[in-house]
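Residue-level structural notes
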Amino acid sequence: MAPSIDYHCPCLASSPAPPPPHLPSSSYSFHPLHELFFCEECDAVRCNRCVSVEVSGYYCPNCLFEVPSASVRAEKNRCARNCFMCPNCRNTLSVVPSDPPDMDDGRGSTAALNAVGEPPFFLYCNHCRWDSAEVDITFEKPTGLAAQLQKHEDSAPDSLEFERLKEHFEPFLRASSSSALAGPTPASHSHHAHVNPITAAASSALARDIPGVAKYAPHPRGRRDKGPRDEMSEYRSRVEVGGTSAMGEADVDFMRRIEEESEVAAVEQRWANSWATSLRTSDLKPLRIPLHSKKSKRCPTCRHILIKPEQKAQSVRFKIKLVAANYLPSMTVALPRPLDIVRRGARPPADDPSGTPGLHAGSTYPFQIALTNPLYDPIQVRLSVQRQIPPAVSAAAAAAATEGGATEKSRRPPFAVSLPSSAFPIAAFAEAWEYEDDEDMFGVDGDEFGLESRDGRETQGKAKSKTVGVLEKRANVTIVGGEVVIGKDARGEVKFNMLVSYTYRSDDALPEDEVRGTPSRTSKAPEMKTFSFSTAVNLGPVVPREENRMDTD
Amino acid sequence: MSVPATPRKPSHAASVAATPATSRAANAHVVQASPHYQTTRRHSLYGTEDRVVIDPGSRVWKVGFSGEGRPRDVFSVGSLWGLRRAAEATERDEEDRVLEARLQAYLRDVFHDSLLTDPKSRKVIIVEHPLLPLYVKEMLAKILFGNLQAPSISFASSHLLALLSVGRITGLVLDCGNLESTVLPIFASRPLYPQLRTTPLAGARFTAHLCALLLLFGTYLPPPTSLSAAANIPVATRSMRVPQEVLTEAVLEEIKTRCSFVGEPLDPSSDMRVMSPSGGDDSMEIDLPPSDTAPSESDFSRVSADLESNVESQPASSGFSIVSRSQIAPERPTRGEGHLQALASMYTRHSTATDLHIKVVPPVAQQAGTGKGTLIIPGWIRERAAEVLFEGGDVDESSVAETVLDSLLKVPVDLRKTLASSILVIGGTAMLPGFIPRLHAELLRAIASSPSSAARPPMRPDRPRPPAYDRYAVLRPLVPHFAILNNPSPPAQPTGARGSANAGKAPAFTPAAMAWVGGSLAGSLKTGGAEVPREKWDEAEAQQDPDDSANFNIDLTHHATPNVIPDWTRSPLPIGAPPANPPPPIPEASPRAAVGA
Ligand SMILES: [Zn+2]
Ligand SMILES: [Zn+2]
Ligand SMILES: [Zn+2]
Ligand SMILES: [Zn+2]
């Protein structure tokens with residue numbers, strides 16, 4: 001996996017500090033920059049886990065019909081025109097007449113509204129050759145197919161049974177609610193504190209004292225032989241499960257005799273059925289295509305709109321789009337080719353690692369971070385490593401720690417990272433490049449971040465200056481170098497949290513610039529502001545050293 | 001090794017044609033013209049009355065709108081939580097963080113992708129399994145109220161909701177899910193929580209057992225190393241024991257949901273005696289009463305239970321070594337495999353189920369070959385893997401049938417007949433074809449055979465003997481009344497048996513969907529007068545004065561402020577009838593605490 005930098009959204013965190021990147025749970029808090037939003041009101045990063053989402057329109061992803069929201073519910077969130085999926089392979093189905101004119105002539109899409117030919121029409125899968133005539137679904141006309149089928153859905157046995165159940169319970173509930181309990185009184189509740197809320201009304205209409213429940217005060221019972229009964233009248237099912245062959249002996253018999261697993265429909269193809277249905281693959285019905293929605297996204301804190309798509313189904317553009325990439329410098333991290341490595345360790349690892357890719361335990365590697373400024377003004381950036389774990393544990397603990405294991409809490413990071421310690425500039429986006437104030441930035445870098453000397457291995461300041469610091473500046477991109485010293489016993493991945501702070505010129509009033517979302521285009525009295533955010537840098541997995549060499553030092 | 005040995009019935013083709021698929025419930029009414037369209041239209045606007053109904057299982061979620069007969073979406077969530085949490089605090093915190101993040105992602109998907117609706121305008125009904133861990137429940141509430149800003153949440157008992165879906169408010173409900181099978185009696189819409197009984201014999205155990213059986217008795221054909229090899233080497237030569245890596249979770253799930261079913265109970269027959277060695281080196285089998293097949297079957301499933309833990313952690317080498325690692329093998333070194341082989345051959349003899357060949361991804365070491373490997377599943381494994389759910393006699397792990405009966409034993413005497421005649425079976429594992437009819441047979445068998453358990457030797461030296469009394473004697477008079485409401489193959493009616501007339505009278509909703517359908521029904525009937533509004537949650541979050549809550553007409557006022565979410569394990573349970581039997585190992589007052597511990 002290529003080295004990566006992900007950006008932190010603090011919405012899941014209980015504390016402002018970012019989670020240690022080696023915890024599996026941290027992956028939910030760090031995101032690629034292009035997935036993040038930025039709220040100007042709150043001056044904060046927002047992610048897809050915290051923004052509040054509103055539906056601003058429905059459309060069919062296949063025919064792109066924009067469905068009015070009033071009919072979405074009745075149509076069960078699915079396309080009510082001519083769009084169907086194959087029950088076997090989920091491919092889009094085509095409408096074909098009974099005498100297909102010829103194979104392979106432009107039946108690519110379902111929009112066969114103009115299909116000509118002889119009725120009856122049926123649905124056909126170009127991918128797996130399923131066809132709806134096999135399940136007795138044919139149409140007299142090639143249009144409005146879904147509406148024709150939906151009538152069947154609405155008269156499906158589950159719907160009809162459901163309505164009968166409602167009719168069964170409704171009079172009972174009406175009776176009980178008139179008898180007291182539209183709004184439950186405290187008295188009724190103290191009686192049976194844990195009665196389920198859903199049927200509190202129902203149950204309170206029934207005998208209060210049930211043997212074994214509450215007070216165990218047996219009523220004088222009229223007909224002991226029948227035992228106590230609730231007051232619900234008998235429900236007579238419209239279709240009794242015992243009167244069908246579904247799920248019973250016929251299914252067992254079928255299962256006993258199958259020759260191929262594929263004769264039985266996959267559980268995913270069956271489990272949305274609430275009604276006992278055939279197990280057989282050959283009985284599967286075509287599926288109407290689920291609608292998609294256009295989603296607006298708002299800041300969860302201030303309700304400010306962050307994303308607002310254009311209404312048209314065909315459009316992939318946005319009326320408002322406050323993406324974090326327009327506000328935060330984008331960063332990529334790279335490890336130079338192995339040949340470029342400046343190795344200063346006392347000894348190279350067991351086998352010369354320079355030939356093989358990856359980070360080898362016991363070696364030191366430079367890495368480069370390229371930062372791109374999206375703003376129309378230059379910024380000053382400062383990077384620092386965010387330490388998570390108190391470095392007070394022995395190296396043995398680090399050796400014992402396994403990747404993603406449970407012992408990590410007491411582990412010191414088995415590597416040390418150096419970053420340029422002072423701020424460096426990045427030129428503005430798409431404006432004049434001729435900044436020349438950079439020379440002073442070179443050569444002052446290279447602090448001792450995390451580079452406590454261990455195991456007698458000294459770090460050489462002058463060697464470091466070649467790798468740690470600003471390496472290159474061009475246009476609105478600045479490339480800085482860092483360095484990682486990997487412990488002899490390191491395992492797992494080299495991941496660390498990096499705090500990024502940048503200072504920019506702020507103009508608070510910028511109404512006409514919203515779409516572009518850049519906070520600093522107009523020229524007013526410049527006010528400098530600093531914004532900080534956390535990232536997780538992943539340089540990749542460590543190639544552990546040979547086991548036998550671990551004992552020799 | 002003989003490969004495809006199971007004989008097919010010659011009448012195969014004819015019987016397929018004869019299967020009355022057209023009489024299935026699903027197809028019976030599809031074409032009927034219906035006045036129902038009108039009733040659906042009534043709701044055609046997205047009124048805020050329609051609630052979102054979520055049935056959040058540990059593996060599968062069902063979501064939809066109230067007032068509809070089926071969920072809008074059903075999806076797998078992998079495995080969200082288990083029976084155990086990490087004991088160590090930092091580890092548990094991390095587990096919780098991951099779980100919360102995953103729950104959040106799924107809940108957001110429910111509203112934004114499955115239902116395409118605004119969570120801020122939707123009241124939510126959560127279908128709550130009685131043993132849903134409290135911490136999970138609180139996470140769900142936190143996300144729904146906090147992240148999604150839902151206006152209110154109702155938690156409703158899954159068992160009770162399932163009863164609503166068959167038009168009742170009284171019944172004995174068995175939920176055979178993934179982690180546990182749970183029995184809860186409900187009278188007049190009140191769940192009798194003190195009588196709740198559970199067993200770990202459920203879907204996950206079935207899968208583990210299936211895996212063990214396939215390792216021992218399945219056959220694997222690696223992909224041929226070259227095309228010419230495929231042609232030249234006979235299948236029998238290529239076949240080998242099933243490598244562990246082949247049996248991935250997905251493959252096992254596939255076999256479970258697409259290949260497995262539940263056969264009838266085996267009649268006690270001469271097979272058992274034939275099987276038992278006459279030599280006398282194995283005292284266990286000599287002691288067997290010939291009429292009771294249970295002990296040896298139990299052994300059979302126990303082995304797999306022992307295997308299960310070993311198999312998980314061991315790199316696979318061969319099935320044989322796994323057998324030797326099982327706990328039983330060292331105790332009875334000469335027995336192990338031979339005994340299992342005898343059982344396997346007995347099942348083979350009694351099963352007419354076809355062997356199935358399925359394509360599987362070969363282990364990494366063999367992937368140099370061409371294409372996929374073949375797993376041969378013996379027909380008897382497809383039919384008999386479920387035996388593990390029906391094997392009883394263990395103090396810690398009652399069979400599913402025993403769990404039902406144990407709950408019934410705890411129920412006040414004058415409710416027993418009513419409940420015995422209205423048993424409802426729900427849950428994903430109950431979807432196995434043949435499960436419900438088999439359960440009915442097992443209920444009767446357990447009642448009939450309970451005296452003989454006294455004569456049984458202990459299953460294992462380290463387990464206590466089963467109780468020596470006639471456990472279910474008091475239930476024996478109820479036998480004619482036993483009825484499973486949703487039994488698709490109700491037994492023929494003996495004349496005069498009034499109670500069992502209920503069998504098979506439930507509507508043909510599937511066991512897996514019943515709780516969701518009941519939630520939809522409850523939502524559309526607007527019986528949910530009591531719910532937790534978001535304001536209440538926000539208040540509690542802000543740690544405000546509980547007196548401010550007086551104007552909310554819900555029964556939360558007697559909870560301490562932080563406990564906004566109603567929970568039956570927090571309320572003091574009512575005093576029930578004195579137990580008829582010594583209490584079972586499950587702590588009565590706080591089963592949930594035990595789960596969470
Ligand atoms: Zn966020
Ligand atoms: Zn469409
Ligand atoms: Zn297809
Ligand atoms: Zn904001």
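Residues numbered from 1 in each chain as written. Chains lettered and ligands numbered in written order. Predicted model: local features only at pLDDT ≥ 70, side-chain atom pairs only at ≥ 80, totals over all residues. Heavy atoms only, no water.

Re the overall build of chain A
So the rule is basically this: The way it works is that DSSP assigns letters per residue, a run of H or I at least four long becomes a helix, a run of E at least two long becomes a strand, and they are numbered from the N terminus. Exposure is judged per residue with a 1.4 Å probe applied to protein chains only, and the accessible area is read against the type maximum: over 50% gives exposed, under 20% gives buried, and values in between give partly exposed. Note on definitions: a residue-residue contact is assigned when non-hydrogen atoms from the two residues lie within 4.5 Å. Reported accessibility uses the Shrake-Rupley method at a 1.4 Å probe radius. Residues are deemed covered only where the shown protein chains occlude them.
When its secondary structure is counted, chain A shows nine helices and 23 strands. By the burial criterion, 50% of the 553 residues in chain A qualify as buried. Within chain A, contacts between residues at least 6 apart in sequence are counted, and of these 71% link residues at least 24 apart. On chain A, roughly 25,600 Å² of surface is accessible, and the fraction owed to carbon and sulfur atoms is 52%.

Side note on the nonpolar core
Defined as follows: Residues belong to a common nonpolar core when they are buried Ala, Val, Leu, Ile, Met, Phe, Trp, Tyr or Cys residues joined through side-chain atoms within 4.5 Å. Each domain's extent is set by a domain assignment, obtained either automatically or from a database.
Formed by 76 residues in total, the largest nonpolar core has its most connected members in B:Leu247 and B:Phe435. Here this core takes eight residues from helix α7 (residues 203–217) of chain B, the largest share from any one element. The two domains that each donate at least three residues to this core are domain 2 (171–200 + 392–456 + 466–502) and domain 3 (203–387) of chain B. Each residue touching B:Leu247, except ones within four places of it in the same chain, is listed here: B:Cys211, B:Leu214, B:Leu215, B:Val242, B:Leu252 and B:Leu375. Core analysis: the next-biggest nonpolar cluster, separate from the first, contains 55 residues, A:Met331, A:Ile486, A:Phe496 and A:Tyr504 among them.

Some remarks on the sheet that holds strand β11 (residues 292–298) of chain A
All names here are of chain A. Test applied: The pairing criterion for strands is at least two bridges between them, as found by DSSP.
Pairing in this open sheet of five strands is antiparallel, and the strands run β6-β5-β11-β12-β13 from one edge to the other. Across the chains shown, the open sheet's two edge strands, defined by having one partner strand only, are β6 (66–67) and β13 (318–321). As defined by bridge partners, strand β12 (residues 305–309) adjoins β13 across three bridges and the pair is classed as antiparallel. Bridge pairing links Pro309 to Phe318 in β13.

Some points on the coordination of the zinc ion (ligand 1)
Residue and element names in this part refer to chain A. What counts here: Here the coordinating atoms are restricted to nitrogen, oxygen and sulfur within 2.8 Å of the metal centre, or 3.2 Å for Na, K and Ca, and because water is not among them the sites may look incomplete. All geometry calls rest on donor angles, where a four-donor set with angles between 85 and 135 degrees is tetrahedral, four- and six-donor sets with opposite donors more than 155 degrees apart and all others between 65 and 115 are square planar and octahedral, and all else is irregular.
Around the zinc ion (ligand 1), the protein supplies Cys9 (SG), Cys11 (SG), Cys47 (SG) and Cys50 (SG) as donor atoms, at distances of 2.1 to 2.4 Å. Coordination geometry of the zinc ion (ligand 1): the four donor atoms subtend angles of 101 to 113° at the metal centre, consistent with an arrangement described as tetrahedral. Read N to C, the donor residues that coordinate the zinc ion (ligand 1) are spaced as C-x1-C-x35-C-x2-C. Here Cys9 is found in the loop between β1 (4–8) and β2 (30–31), whereas its partner Cys47 is found in the loop between β4 (44–46) and β5 (52–59), with 38 residues between them in sequence. Residue Cys9 shares its accessibility class with Cys47, and that shared class is buried.

Describing helix α10 (residues 249–258) of chain B
Turning to α10(B), its buried residues number three or more, namely B:Val251, B:Leu252, B:Ile255, B:Lys256 and B:Arg258. The inward-facing, buried residues of α10(B) contact α6 (249–257) and α7 (267–270) of chain A together with α7, β11 (356–360) and β12 (373–377) of chain B.

A short note on the coordination of the zinc ion (ligand 2)
Residue and element names in this part refer to chain A. Distances from the zinc ion (ligand 2) to its protein donors, Cys60 (SG), Cys63 (SG), Cys79 (SG) and Cys83 (SG), fall within 2.2 to 2.3 Å. For the zinc ion (ligand 2), the four donor atoms in the first shell make angles of 104 to 114° at the metal, a pattern classed as tetrahedral. Within one chain, the residues serving as donors to the zinc ion (ligand 2) are arranged as C-x2-C-x15-C-x3-C. On the criterion of sequence distance, the pair formed by Cys63 in the loop between β5 and β6 and Cys83 in the loop between α1 (69–72) and β7 (84–85) is long-range, its members being 20 residues apart.

Description of unusual backbone geometry
Despite not being glycine, A:Lys76 has its phi angle at roughly 60°, a positive value. Tracing the backbone through its elements, the reader meets A:Lys76 in the loop between α1 and β7.

Quick notes on the pattern of salt bridges
To keep things clear, this is the line we draw: Put simply, a salt bridge is a Lys or Arg side-chain nitrogen that is within 4 Å of an Asp or Glu carboxyl oxygen.
Under the defined criterion, the tally for this structure stands at 34 salt bridges over all chains. A salt bridge links B:Arg438 to B:Glu387, with the nearest nitrogen and oxygen atoms 2.8 Å apart. Taken together, the residues span a long stretch of sequence, with B:Arg438 in helix α21 (residues 435–449) and B:Glu387 in helix α18 (residues 387–390) at a distance of 51 residues. Residue B:Arg438 is classed as buried on the basis of its relative accessible area of 2%. Salt bridges sharing common partners tie together A:Arg256, B:Glu264, B:Glu383, B:Arg384, B:Glu387, B:Arg438, B:Glu442 and B:Arg445.

Re the packing of α7(B) against α10(B)
All names here are of chain B. The condition that has to hold: Angles shown run from 0 to 180 degrees and are taken between the N-to-C directions of axes, each axis being a line fitted to C-alpha atoms and, for helices, limited to the stretch in contact. Throughout, the term roughly parallel applies to angles under 35 degrees, roughly antiparallel to angles over 145, roughly perpendicular to angles from 65 to 115, and oblique to all others. Put simply, Ala, Val, Leu, Ile, Met, Phe, Trp, Tyr, Cys and Pro go in the nonpolar bin, Asp, Glu, Lys and Arg in the charged bin, and everything else, Gly too, in the polar bin.
Direction vectors running N to C along α7 and α10 enclose 105°, while the axes themselves pass 10 Å from each other. Classified by the interaxial angle, the pair formed by α7 and α10 is roughly perpendicular. Contacts between α7 and α10 involve Gly203, Ala204, Phe206, Thr207, Leu210, Cys211 and Leu214 on the former and, on the latter, Leu252, Ile255 and Lys256. By residue class, the composition of the contact of α7 with α10 is seven nonpolar, two polar and one charged.

Details of the pairing of β11(A)
Residues and elements named next belong to chain A. Where β5 and β11 come together, seven bridges link them in antiparallel fashion. Residue pairing across strands places Tyr59 opposite His292, the latter belonging to β11. Alignment of β11 against β12, held across two bridges, turns out to be antiparallel. When the sheet's bridge partners are listed, Lys297 is paired in β12 with Ile307. Hairpin connection, β11 to β12: the antiparallel pair is bridged by six residues, and Arg303 has positive phi, about 70°.

Side note on helix α22 (residues 514–524) of chain B
For the α-helix, the turn length of 3.6 residues means that residues three or four positions removed from each other point alike. Residue and element names in this part refer to chain B. For α22, a buried count of eleven out of eleven residues is recorded, marking the element as mostly surrounded by other parts of the structure. All of the buried residues in α22 are Met514, Ala515, Trp516, Val517, Gly518, Gly519, Ser520, Leu521, Ala522, Gly523 and Ser524. Directly after α22, the chain includes Lys526, whose backbone phi takes a positive value near 55°.

Observations concerning the confidence of the model for chain B
All names here are of chain B. We count it as follows: Note: pLDDT gives the predictor's confidence per residue, expressed from 0 to 100.
This prediction gives chain B a mean pLDDT of 74; 64% of its residues lie at or above 70. When mean pLDDT is taken per element in chain B, strand β13 (residues 423–426) scores highest with 98 and helix α14 (residues 319–325) scores lowest with 30. Residue range residues 269–299 is modelled with pLDDT below 50. Its contacts to residues more than four positions away, or to other chains, number 48 contacts. Of the regions scoring below 50 in pLDDT, residues 572–597 engages in 51 contacts with residues more than four places distant in sequence or in other chains. Both confidence scores are given for the complex: pTM 0.78, ipTM 0.79.

Brief notes about the sheet that holds β11(B)
Whenever strands of a sheet pair, they do so through backbone hydrogen bonds, lying parallel or antiparallel. Residues and elements named next belong to chain B. Reading across from one edge, β10-β12-β11 is the order of the three strands in this open sheet, with antiparallel pairing throughout. Of all the strands in the sheet, the pair left with one neighbour each is β10 (219–221) and β11. Averaged over all adjacent pairs, the angle separating strand axes in this sheet is 25°, with direction ignored. Where β11 meets β12, five bridges bridge the pair, whose relative direction is antiparallel. Considered in β12, the bridge of Leu356 is made with Ile377.

Focus on the pairing of strand β2 (residues 60–65) of chain B
Residues and elements named next belong to chain B. The buried fraction of β2 is high, at five of six residues. Where strand β1 (residues 52–56) hands over to β2, the hairpin turn is made up of three residues, counted between the paired strands. As defined by bridge partners, β2 adjoins strand β3 (residues 73–76) across four bridges and the pair is classed as antiparallel. Its bridge partner being in β3, Val60 is matched across the sheet by Ser76.

Here's the deal with the packing of aromatic side chains
As a reminder of what qualifies: Working definition: a ring pair exists when centres of Phe, Tyr or Trp rings (six-membered ring for Trp) sit within 6.5 Å. Plane angles under 30 degrees give stacked, over 60 give edge-to-face, the rest tilted. Note on criteria: charge over ring means Lys NZ or Arg CZ within 6 Å of the ring centre, with the direction from the centre no more than 35 degrees off the ring normal.
The tally for this structure, following the rule as stated, stands at 17 aromatic pairs over all chains. Ring plane angle 50° and centroid distance 5.7 Å describe the contact between A:Tyr376 and A:Phe429, whose orientation is recorded as tilted. Of this pair, A:Tyr376 sits in the loop between β16 (364–372) and β17 (379–386) while A:Phe429 is found in the loop between β19 (424–426) and α9 (461–464), placing the two residues 53 residues apart along the sequence. Note on A:Phe429: relative accessible area 32%, which makes it partly exposed. Grouping aromatic residues by their ring pairs yields a cluster made of A:Tyr7, A:Phe38, A:Tyr327, A:Tyr502, A:Tyr504, A:Phe531 and A:Phe533. The lysine or arginine in question, B:Lys137, covers the ring of B:Phe155, its NZ or CZ lying 4.9 Å from the ring centre.

Considering the environment of B:Arg84
Looking at the secondary structure, you find B:Arg84 in the loop between β3 and α4 (89–114). Remark: the alpha-carbon pair of B:Arg84 and B:Thr348, spanning 264 residues in sequence, is separated by 37 Å.

Topic: the confidence of the model for chain A
Residues and elements named next belong to chain A. Taken over all residues, the pLDDT of chain A has a mean of 74, while the share at 70 or more is 66%. Across chain A, the secondary-structure element scoring lowest on mean pLDDT is helix α4 (residues 186–191), at 35, and the one scoring highest is β2, at 96. Of the regions scoring below 50 in pLDDT, residues 104–115 engages in 19 contacts with residues more than four places distant in sequence or in other chains. Under a pLDDT of 50 for its full length, residues 438–464 has, in the predicted model, 52 contacts with residues more than four places off or in other chains.

Notes on the environment of A:Ser237
Threshold: Think of a polar contact as two N or O atoms within 3.5 Å of one another; within protein, one of them needs to be a possible hydrogen donor and the other a possible acceptor, and neighboring residues in sequence only count if both atoms come from side chains.
As for its placement among the helices and strands, A:Ser237 is situated in the loop between α5 (200–204) and α6. As for A:Ser237 and A:Leu165, which are separated by 72 residues in sequence, their C-alpha atoms are 8.3 Å apart. Contacts of A:Ser237, omitting those with residues within four sequence positions, involve A:Glu161, A:Arg164, B:Lys505, B:Ala506 and B:Pro507. A polar contact is formed between the side chain of A:Ser237 and the backbone oxygen of B:Lys505, at a distance of 2.6 Å.

A short note on the environment of A:Gly144
With respect to the element layout, A:Gly144 can be found in the loop between β9 (122–124) and α2 (145–154). On a C-alpha basis, the gap between A:Gly144 and A:Ala80 in space is 7.3 Å, while along the polypeptide they are 64 residues apart.

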